[in-house]
Amino acid sequence: MDVLDSCFVKGDDIVTRHIAGETLIVPVRGHVGDLDSIYTLNEVGSRVWQLIDGGTPVSRIVNAIRFEYEVSEPEASRDVLELFESLQSAGLIRRAGESEG
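Calculation notes
- Residues numbered from 1 in each chain as written.
- Predicted model: local features only at pLDDT ≥ 70, side-chain atom pairs only at ≥ 80, totals over all residues.
- Heavy atoms only, no water.
- pLDDT = per-residue confidence, 0-100.
- Helix = DSSP H or I, 4+ residues; strand = E, 2+ residues; numbered from the N terminus.
- Core = buried A, V, L, I, M, F, W, Y, C linked by side-chain atoms within 4.5 Å.
- Buried < 20%, exposed > 50% of the residue type's maximum accessible area, 1.4 Å probe, protein only.
- Contact = heavy atoms within 4.5 Å.
- Axes fitted to C-alpha atoms, helices over the stretch in contact; angles between N-to-C directions.
- Parallel < 35°, antiparallel > 145°, perpendicular 65-115°, else oblique.
- Left-handed = near helix turned anticlockwise from the far one by under 90°.
- Nonpolar A, V, L, I, M, F, W, Y, C, P; charged D, E, K, R; others polar.
- Salt bridge = Lys/Arg side-chain N within 4 Å of Asp/Glu carboxyl O.

Q: Could you clarify how one ought to interpret the confidence of the model for the protein in this entry?
A: Residues with a pLDDT of 70 or more make up 88% of the protein, whose mean pLDDT is 90. When mean pLDDT is compared element by element in the protein, helix α2 (residues 58-68) scores highest at 97, while strand β4 (residues 32-33) scores lowest at 51.

Take a look at the structure:
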């Protein structure tokens, strides 16, 4: 299945805070925040994070970013896909329907 057609969900063991236009994501391991693995998302990344809900395909997130930030489709697609790859590699998101772990 193409990533653009996929929906993603956020990991269960994370804490997020929105501060000064950025989103901080802290993985929780063993009931304790892993402060060595804090992730910071800028304004655009924060908007993408808000749109990850398990039911919105990546293609719709790309279109939302494209129109909200007035960027070209190739630029929006590249940036969103790079962010999804990073978030998935860090274990912060997974494809909807996949078990965590």
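Q: Help me understand the nonpolar core in this model?
A: Formed by 20 residues in total, the largest nonpolar core has its most connected members in V48, W49, I52, V80, F84 and L87. For this core, the secondary-structure elements that each account for two or more residues are α1 (43-51), α2 and α3 (73-89). In this view, V80 contacts V48, V58, I61, V62 and I65; residues no more than four positions away in its chain are not counted.

Q: What's the story with the packing of α1 against α3 in this structure? I'm lost.
A: For any two helices packed against each other, one specifies the crossing angle of their axes together with the interaxial distance. With their axes 11 Å apart at the nearest point, α1 and α3 run at an angle of 70° to one another. With respect to each other, α1 and α3 are oriented roughly perpendicular. α1 and α3 meet at a crossing whose hand is right-handed. The segment α1 lies against α3, with G45, V48 and W49 engaging V80, L83, F84 and L87. Residues belonging to the contact of α1 with α3 are distributed by class as follows: six nonpolar, one polar and no charged.

Q: Help me out: how do you make sense of the packing of α2 against α3 in this one?
A: In contact at an axis separation of 9 Å, α2 and α3 are set at 125° when each is read in the N-to-C sense. In terms of orientation, α2 lies oblique with respect to α3. With respect to the hand of their crossing, α2 and α3 are arranged in right-handed fashion. Touching V58, I61, V62, I65 and R66 of α2 are E73, A76, S77, V80, L81 and F84, all from α3. Classifying every residue of the contact of α2 with α3 by side-chain character gives eight nonpolar, one polar and two charged.

Q: Can you help me understand the pattern of salt bridges in this one?
A: Opposite charge on two side chains allows them to pair when their charged atoms are near. Applying the stated criterion to the full structure yields two salt bridges. Measuring nitrogen to oxygen at the nearest pair gives 2.8 Å for the salt bridge that ties E68 to R47. One end of the pair, E68, is in helix α2; the other, R47, is in helix α1, and 21 residues separate them in sequence. In this structure E68 comes out as partly exposed when scored by relative accessible area, which is 41%. A relative accessible area of 23% places R47 in the partly exposed class.

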